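Residue-level listing of the chains:
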Amino acid sequence: MIQATWKSLSQTEYDEALEIQNAQATRLLQAESDEQTIFTVEHPPTITIGKDGTPEHIIASETRLKEIGMKIYSVDRGGDVTYHGPGQLVVYPVLHLGPWGNDVRKYVRMLEETVIRTLRVAGLHSERMDGFPGVWIGDQKICAIGVRARRKKNREFVTSHGLALNIAPDLSHFSTIIPCGLSNKGVTSIAQELKESSALASVTFSEWESHLQAMFADVFELRF
Amino acid sequence: MQNVKLYQMGESVEEGTLCKWLKNVGDYVSIDDPLVEVITDKVNVEMLSDFEGELSEILVKEGQTALIGQVICRILEKAG
């Protein structure tokens, strides 16, 4: 088992959380720390534009964005335009990948696996889609994934950014953007899916965080 | 002259797409300066320079895909 720390930042602005994860990543890169840390956070309504993205993928009017109180940031991760907001569990694992074969591709597969297993707790069947990052239920995205990696002097990769799992966000906020530039794909959430199957209607945000933490422990063989 | 090769990024990774050069031909590059952003399988990897000198040639352009170990640029080390 690998010792790791799970840090819940709760409600935090995007730029503040970015600073926290970057500071930890820098400590790992400069070999001042070897702590494996997973941060979780819930952002206020926020749109981030990745390196492959364009502001044209924000399609809502200024008035609508103002009404929601949307904040917009350009960020140093791969991928296109992403929405974050209340009801979405955002996870930023700052890990050095040595214990998992130092393989950035395998790392993303493990993130996907963690989410797929978490959703299975509620009887939800989700899967990867070839060529489309994230985790999907049918052709609707339930979890966005976008990872950044930098290499230490000893050639070990250090990760930042991560995943955003839709637990019970206001899905209408997603219509302010073309998510990941994909105009023909929708988004869904755990609340939305459970309403349809009426299996487990009242699972709270913190319970889902616990489920996700347990699955991280399983898939990455972590001890918190 | 140092041949800069695309990083090994894991056993299962065979190639990467160069999405953005962070240095231009003619730029002076120090060790650990960010050289190029590579995207592979949903991960954005920032490659840092292992060498110090002038970036003399870029062999793989933005948007093109390179195999792991392929030479993507050359750095002319300062003599002495």
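The present account deals with the structure reproduced in this document. Treat the numbers as computed from the prediction; the structure is a model and nothing was measured. (Residues numbered from 1 in each chain as written. Chains lettered and ligands numbered in written order. Predicted model: local features only at pLDDT ≥ 70, side-chain atom pairs only at ≥ 80, totals over all residues. Heavy atoms only, no water.)

Notes on the pairing of strand E5 (residues 43–48) of chain B
The side chains of a regular strand alternate, residue by residue, between the two faces of the sheet. To keep it simple, the criterion reads: A 1.4 Å probe rolled over the protein chains alone gives each residue an accessible area, and that area as a share of the maximum for its type sets the label: buried under 20%, exposed over 50%, partly exposed in between. Helix numbers and strand numbers start at the N terminus; a helix is a DSSP run of H or I with at least 4 residues, a strand a run of E with at least 2. We treat two strands as partners when DSSP finds at least two bridges between them.
For E5(B), a buried count of six out of six residues is recorded, marking the element as mostly surrounded by other parts of the structure. Alternating residues of E5(B) divide into Val43(B), Val45(B) and Met47(B) and Asn44(B), Glu46(B) and Leu48(B), and every residue in both groups is buried. Where strand E9 (residues 140–151) of chain A and E5(B) come together, four bridges link them in parallel fashion. Residue pairing for E5(B): Ala149(A) is matched across the bridge by Val45(B). Alignment of strand E4 (residues 34–40) of chain B against E5(B), held across six bridges, turns out to be antiparallel. Looking at E5(B), one finds that Val36(B) is bridged to Met47(B). Hairpin connection, E4(B) to E5(B): the antiparallel pair is bridged by two residues, and Asp41(B) has positive phi, about 45°.

Quick word on the environment of Cys19(B)
Residue and element names in this part refer to chain B. What counts is decided by this rule: Contacts were defined at the residue level, with two residues in contact if any of their heavy atoms lie within 4.5 Å.
With respect to the helices and strands, Cys19 occurs in strand E2 (residues 15–21). With 21 residues separating them along the chain, Cys19 and Thr40 place their C-alpha atoms 9.9 Å apart. In this view, Cys19 contacts Glu37, Val38, Ile39, Asn44 and Glu62; residues no more than four positions away in its chain are not counted.

Some thoughts on the interface of chain A and chain B
What counts is decided by this rule: Throughout, buried area stands for the accessible area (probe radius 1.4 Å) lost by two parts on being put together, summed over both. Salt bridge, as used here, is a side-chain nitrogen of Lys or Arg placed within 4 Å of a carboxyl oxygen of Asp or Glu. Basically, the charged four are Asp, Glu, Lys and Arg, the nonpolar ten are Ala, Val, Leu, Ile, Met, Phe, Trp, Tyr, Cys and Pro, and anything else, Gly included, counts as polar.
On the chain B side, the residues contacting the 23 residues of chain A number 19 residues. Taken together, both faces of the contact between chain A and chain B bury some 1,800 Å²; the carbon and sulfur share is 49%. A per-residue breakdown of the area chain A buries against chain B is headed by Val104(A), Arg105(A) and Arg151(A), which together make up 31% of the total. For the pair chain A and chain B, the number of links is four salt bridges. A salt bridge links Arg148(A) to Glu37(B); its shortest N-O distance comes to 3.3 Å. Of all elements in the fold, only helix H3 (104–120), strand E8 (132–137) and E9 of chain A reach the threshold of two or more residues within the side of chain A that touches chain B. Among the elements that make up the side of chain A that touches chain B, the one with the highest residue count is E9(A) (six residues). Looking at the side of chain A that touches chain B residue by residue, the classes come out as seven nonpolar, four polar and twelve charged.

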